[in-house]
Amino acid sequence: MRDHAYWLERLKKWGVLREGHFLLTSGRHSNRFLLFAPAFSLPPAAEELGQAIAEQFQGQGIETVVGPAMGGVLLAHEVARALGVRSIYAEKDGERMALRRGFSLRPGERVLVVEDAVSTGGSVQKVLDICHEAGAAVQGVGIIADRTGGSVDLGVPLKALLTIEVPSYAPPDCPLCREGRPLERPKA
Ligand SMILES: [Zn+2]
């Protein structure tokens, strides 16, 4: 059964979830670091993730899958392939996101938004803004890893393959520093 434990194991195997002592871009320290690109460099891994998310939204008449660039591009493609529908992506446009490259959404279009992980929900919310402005009928948000502990409310159903907590510490309070473990600065 593909439950939380299954996905945790897969993400470790694919090199997505690393454990150690990491310096985050915020300056805080953590014992975990998540980077999804390694999974998407393996087509069978990308396919499995796409199929698993697609299964959660099967039978909802999804017409188009939308993901934010870069993290959501390949995932949207794989989910759309599994559903047999169209895949598009949104790109940064200043503080917002926009559809470019001839992509558009029509009023009433049944859309699924996907992203690798949500922590604050920021980039997913920006994609939702585009969908709502176009009058699309958003059926939900599908993500691989929910880092919010289920606390984010996007106003549409959100389904995640697993929940991952990434604890972080101010350097003076970091238990890993106290243990004298070498600090890694992961390249994202
Ligand atoms: Zn530390």
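Residues numbered from 1 in each chain as written. Predicted model: local features only at pLDDT ≥ 70, side-chain atom pairs only at ≥ 80, totals over all residues.

**Digging into the environment of T64**
Line of reasoning, step 1. Within the secondary structure, T64 sits in strand β3 (residues 64-68).
Line of reasoning, step 2. Along the sequence, T64 and V111 sit 47 residues apart, while their C-alpha atoms lie 5.0 Å from each other.
Line of reasoning, step 3. Leave out the neighbours within four places in its chain, and T64 touches V85, R86, I88, L105, E109 and V111. (Helix = DSSP H or I, 4+ residues; strand = E, 2+ residues; numbered from the N terminus. Contact = placed C-beta atoms within 7 Å.)

**Focus: the pairing of strand β1 (residues 17-23)**
In the case of a regular strand, side chains alternate between the two sheet surfaces.
Line of reasoning, step 1. In terms of strand pairing, β1 meets strand β2 (residues 29-34) through 5 bridges, oriented antiparallel. For E19, the partnering residue across the bridge sits in β2 and is R32.
Line of reasoning, step 2. Joining the antiparallel neighbours β1 and β2 is a turn of 5 residues, in which G27 adopts a positive phi near 95°. (Pairing = 2+ DSSP bridges.)

**Examining the environment of P68**
Line of reasoning, step 1. Summarising the element assignment, P68 is placed in strand β3.
Line of reasoning, step 2. Remark: the alpha-carbon pair of P68 and I88, spanning 20 residues in sequence, is separated by 8.9 Å.
Line of reasoning, step 3. In this structure P68 touches Y89, A90, M97, E115, S123, V124, K126 and V127, once residues within four positions along its chain are discounted.

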